[in-house]
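# Tertiary structure, described
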Amino acid sequence: MPLSHFLLALSVVFVWGTNFVVIRWGLDGLPPFLFAALRFALSALPWLLFVPPPAVRWWRLAAFGVLLGVGQFGLMFLAMRADISPGMASLVVQMQVFFTIALSIWWLRERVQPYQLAGLALALAGLGVIASHLDASVTLLGLGTVLAAAFCWACANLVAKSAGPVNMLHFMVWSSAFAVPPLVGLSLWLEGPQAMADALRHAGPGIWANVLWQAVGNTLFGYGAWNWLLARHPAATITPMALLVPVFGLSASALSLGEAMPAWKLLACALVLAGLALIVLWPRWRPTSPAAPGSGGT
């Protein structure tokens, strides 16, 4: 991989990881569902006026938009408001990898591999460490809500996978439009029109810069650059770098917000990342088995 491509990939995972701190700042001025609605509104407009719709069925765009917008980000923003720290959220949401594998086995009839089970066991051990140390930085409600967000992300992954090879930037722009109406409806119902109006009235330049960063920096730049790299390099070369997302997330939370990093958090991080690394990297590391006698291998 050329150095410029490596630096581009590193910049994407840096943006994705440190964004958990930026989300925390945004939640100081906006209620969660309104914040998510504004994020996806700016991911769709004005871009869909210039970007042609991808060649997929509309229901796939709608399903992906609702699962990602309401399911992943709506729930994650809700949890991060008071029930889980940004660093822990960046780690726990990576359970989407294991949910994606489980759904692929159930829905697409893919076979589970021993190394995947070993990786899941390590990650579950890390979650067990987190669950045994619930405190103000991670509540049971926050842990469960982020796990639900990770499950919705996994479902969105399968919808995107079933869409086949499409321009993912176009897919993101058009699917984002479908996330806005249910997020606005949830904000009206759960947060109330008065709270929405007050938040918008008092939102300063910093809050709007935060929303714009969510839309342009994370959604359009992040996904656009990531998929540009995937189109030019093997997935096995690019995807392992996503393991740095929780590393950047935990580091940024500790440096910017003063999140404590006791030994149990470091242990939980090590276990979850070890499980993720095993699943992502094992197919590259394992030796090629010689053809068995009579197997027909050449």
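Notes on the structure in this doc start here. (Residues numbered from 1 in each chain as written. Predicted model: local features only at pLDDT ≥ 70, side-chain atom pairs only at ≥ 80, totals over all residues. Heavy atoms only, no water.)

### Quick look at the pattern of salt bridges
Just so we agree on the cut-off: What makes a salt bridge here is a side-chain nitrogen of Lys or Arg within 4 Å of a carboxyl oxygen of Asp or Glu, nothing more. The secondary structure listing takes helices from DSSP runs of H or I that are at least 4 residues long and strands from runs of E that are at least 2 residues long, numbered from the N terminus. Each residue's exposure class comes from its accessible area (1.4 Å probe, protein chains only) as a fraction of the maximum for that residue type: buried when under 20%, exposed when over 50%, partly exposed otherwise.
Following the criterion strictly, the structure yields 3 salt bridges and no others. For aspartate 198, the salt bridge goes to arginine 201, with nearest N and O atoms at 2.7 Å. Pair noted here: aspartate 198 and arginine 201 are both in helix 9 (residues 193-202), with a separation of 3 residues, about one helical turn. Given the relative accessible area of 54%, arginine 201 is considered exposed. Glutamate 259 is paired through a salt bridge with lysine 265; the nearest N and O atoms lie 2.9 Å apart. An identical accessibility class is assigned to glutamate 259 and lysine 265; each is buried.

### Structural notes on the environment of valine 97
Spelled out, the test is: We call two residues in contact when some of their heavy atoms are within 4.5 Å.
With respect to the helices and strands, the residue valine 97 is situated in helix 5 (residues 96-107). In the structure, valine 97 is positioned 182 residues away from isoleucine 279 in sequence and 8.8 Å away in space, judged by C-alpha atoms. The residues contacting valine 97, other than those within four sequence positions of it, are Leu276 and Ile279.

### A short note on the nonpolar core
The tendency in soluble globular proteins is for nonpolar side chains to be buried side by side. Applied cut-off: Throughout, nonpolar core names a set of buried Ala, Val, Leu, Ile, Met, Phe, Trp, Tyr and Cys residues whose side chains join them through atoms within 4.5 Å.
Residues Leu68, Ile84 and Ile130 are the most contacted members of the largest nonpolar core, which totals 84 residues. In contact with isoleucine 130, other than residues within four places in its own chain, are Met88, Leu91, Val92, Val138, Leu143, Trp264 and Ala268.

### Some details on the side chain of glutamine 94
For clarity, the threshold we go by: Identification of polar contacts relies on pairs of N or O atoms within 3.5 Å, with a donor-acceptor requirement for protein atoms, meaning one able to donate a hydrogen and the other able to accept it, and with residues adjacent in sequence counted only if both atoms are side-chain atoms.
Here glutamine 94 is to be found in the loop between helix 4 (86-92) and helix 5. Within the structure, glutamine 94 has its side chain in polar contact with the backbone oxygen of serine 90 (distance 3.5 Å). The residues touching glutamine 94, leaving out its near neighbours within four places in the chain, are Trp153, Val245, Pro246 and Leu276.

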